[in-house]
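Results of the structural survey
The primary structure of each chain is shown beneath.
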Amino acid sequence: MTASALPVPRLHIVTGKGGTGKTSVAAALALALAGAGRRVLLVEVEGRQGIAPLFDAPSLGYEERHLVAGLDGGEVFGQSVDADEALLDYLTMFYRLGSAGKALQKFGAIDFATTIAPGLRDILLTGKLKEAVSRTESGRMAYDAVVLDAPPTGRVVKFLNVTVESGRLAKTGPIGKHSRSVARLLHSSLTAVHVVTTPAAMPVQESVDACRELMAADLPVGRLVLNKVAGAKAVEVDAAAIAAGLARAGVGPDAALVAGLVEEYAAAKAEIEAVDGYRDRLERLGRPVEELPLLPEGVDLSGLYQLARVLRPGVWGERPHG
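Residues numbered from 1 in each chain as written. Predicted model: local features only at pLDDT ≥ 70, side-chain atom pairs only at ≥ 80, totals over all residues. Heavy atoms only, no water.

A few points about the overall build of the protein
- When helices and strands are counted, the protein shows 13 helices and 10 strands.
- In the protein, which comprises 322 residues, the proportion classed as buried is 46%.
- If you take every contact in the protein between residues at least 6 apart in sequence, the share linking residues at least 24 apart comes to 73%.
- Here the protein displays about 15,200 Å² of accessible surface, and carbon together with sulfur accounts for 57% of that area. (Helix = DSSP H or I, 4+ residues; strand = E, 2+ residues; numbered from the N terminus. Buried < 20%, exposed > 50% of the residue type's maximum accessible area, 1.4 Å probe, protein only. Contact = heavy atoms within 4.5 Å. Areas by Shrake-Rupley, 256 points an atom, 1.4 Å probe, with all protein chains shown as cover.)

Some thoughts on helix 1 (residues 22-33)
- Over its 12 residues, helix 1 runs 16 Å from end to end, which matches the ideal 16 Å to within 8%, given 1.5 Å per residue.
- Burial of helix 1 is extensive: 11 of the 12 residues sit out of reach of the surface.
- Within the span of helix 1, buried status applies to Lys22, Ser24, Val25, Ala26, Ala27, Ala28, Leu29, Ala30, Leu31, Ala32 and Leu33. (Expected span 1.5 Å × (residues − 1).)

Side note on the sheet that holds strand 1 (residues 11-16)
- A sheet is described by the order of its strands in space; here eight strands give the open sequence 3-4-2-7-1-8-9-10, paired in mixed fashion. The sheet is open, and its two borders are formed by strand 3 (65-69) and strand 10 (289-293), each paired with just one other strand. Each strand of the sheet is rotated relative to its neighbour by a mean of 25°, with strand direction disregarded.
- Bridge analysis of strand 2 (residues 39-45) against strand 4 (residues 75-81) gives seven bridges, and the strand direction is parallel. Note on strand 4: the bridge partner recorded for valine 45 is valine 81.
- Where helix 7 (residues 153-160) meets the sheet, it contacts strand 1, strand 2, strand 7 (145-149) and strand 8 (191-197), and its direction lies at approximately 145° from that of strand 1.
- Of the strands in this sheet, strand 8, strand 9 (221-229) and strand 10 touch helix 12 (residues 255-283), which is tilted by about 175° from strand 9. (Pairing = 2+ DSSP bridges. Axes fitted to C-alpha atoms, helices over the stretch in contact; angles between N-to-C directions.)

A word on the packing of aromatic side chains
- According to the stated counting rule, one finds one aromatic pair in the structure shown.
- Note on phenylalanine 77 and tyrosine 143: the rings are 5.8 Å apart at their centroids and 70° apart in plane angle, and the pair reads as edge-to-face. Pair noted here: phenylalanine 77 is in strand 4 and tyrosine 143 is in the loop between strand 6 (140-141) and strand 7, with a separation of 66 residues, a long-range link. (Phe/Tyr/Trp six-rings, centres within 6.5 Å; stacked < 30°, edge-to-face > 60°.)

A closer look at helix 7
- Turning to helix 7, its buried residues are Thr153, Val156, Val157, Phe159 and Leu160. The buried residues of helix 7 all sit within an arc of 165° when viewed along its axis, so they share a single face. Away from its buried face, by an angle of more than 90 degrees, helix 7 presents the exposed residues Gly154 and Lys158. (Arc of directions from axis to C-beta.)

A few points about the packing of helix 1 against helix 13 (residues 301-311)
- For the pair helix 1 and helix 13, the least separation of the axes is 8 Å and the interaxial angle reads 65°. Classified by the interaxial angle, the pair formed by helix 1 and helix 13 is roughly perpendicular. Taken as a pair, helix 1 and helix 13 cross one another with a handedness that is right-handed. In contact with Ser24, Val25, Ala27, Ala28, Leu29, Leu31 and Ala32 of helix 1, helix 13 contributes Leu304, Tyr305, Leu307, Ala308 and Leu311.
- Residues belonging to the contact of helix 1 with helix 13 are distributed by class as follows: 11 nonpolar, one polar and no charged. (Parallel < 35°, antiparallel > 145°, perpendicular 65-115°, else oblique. Left-handed = near helix turned anticlockwise from the far one by under 90°. Nonpolar A, V, L, I, M, F, W, Y, C, P; charged D, E, K, R; others polar.)

Digging into the nonpolar core
- Ranked by size, the top nonpolar core spans 48 residues in total, and within it Ile13, Val146, Leu148, Leu160, Leu186 and Leu214 carry the most contacts.
- For leucine 160, the residues in contact, after removing those within four places along its chain, are Ile13, Thr126, Leu186, Val193, Leu214 and Leu219.
- One finds Val14, Val25, Ala27 and Leu295 within the second-largest nonpolar core, a separate group that totals 34 residues. (Core = buried A, V, L, I, M, F, W, Y, C linked by side-chain atoms within 4.5 Å.)

Describing the side chain of asparagine 227
- Inspection of the secondary structure assignment puts asparagine 227 in strand 9.
- With residues up to four places along the chain from it excluded, the contact list for asparagine 227 reads Thr20, Gly21, Val25, Val196, Thr197, Thr198, Pro199, Leu292 and Pro293.

Some details on the packing of helix 7 against helix 10 (residues 201-216)
- At a minimum axis separation of 9 Å, helix 7 and helix 10 run at an interaxial angle of 10°. Here helix 10 runs roughly parallel to helix 7, going by the angle between their axes. Considering only the axes of helix 7 and helix 10, their crossing is right-handed. Here helix 7 contributes Thr153, Gly154, Val156, Val157 and Leu160 to the contact with helix 10, which in turn contributes Glu206, Ala210, Glu213 and Leu214.
- For the contact of helix 7 with helix 10, a count of residues per class yields five nonpolar, two polar and two charged.

A look at the pairing of strand 4
- Of all the seven residues making up strand 4, six are buried; the element is thus mostly covered by neighbouring parts of the structure.
- In the sheet, strand 3 pairs with strand 4 via four bridges, with the strands oriented antiparallel. Directly across from histidine 66, in strand 4, lies its bridge partner phenylalanine 77.

See the structure below:
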């Protein structure tokens, strides 16, 4: 990297409204980032267990585990970060508690701590991400990139805004220092928050609102991903054409059936034509917009590689707008 070059994001946070396919997009992004010789960690939080089924793998645990080869021969690892385990790591790192931390977990002290100070849970989860991004092994970064399947758009700003939570919990001491170091990463050009939506009014509006919230919190928005875009083009089909098609297929052109199909076609045609409008709304936010195709058979491993190929161009050269 030259002296004037900008840092490339190494922490990729993927959020979106429920049902937009953010977990699939996060998994595909991890595959796209895992080029030759690169190692990528794909992380989920809050016990979601949505990543493993995509890779036809056993449920993820707190220990990092190899999942699959990347798109260009790298390696993708998976991890499910649990706040209790992250707190044990924290206690070991800052207070040298060792086995005493396990005793605290056994007697419920950890659940008690995160219940009376719920912001602590998010600090611990995001802190684990920072540790993975910063860790070195044998003189090199342990992971070239970390991808997080984050909470949905309605909660993502609160989840990431650890400086606010740390101010409520502690202004000094290890917790305050730890959370401020996490906040520096999350608000830096080393992080990109990608927002996933589908071409429909409600998820697009929620994505626009989420982007504005992220920008207001000075969190770096990366790509806007318009997911599940049908590749078909709208063509003119009337009732007579539908009836003729049914007749050719040996199906009696019942008037009610034809009317129902005309109504379904009109709705699908309007949805296809609306994609341009949704894309324009997203582009007005001033961020790169990616389109991913609808996979009619659902998302399996081969589908993830297909999505990864679409996402691959520019994944190591893009810097989020700050």
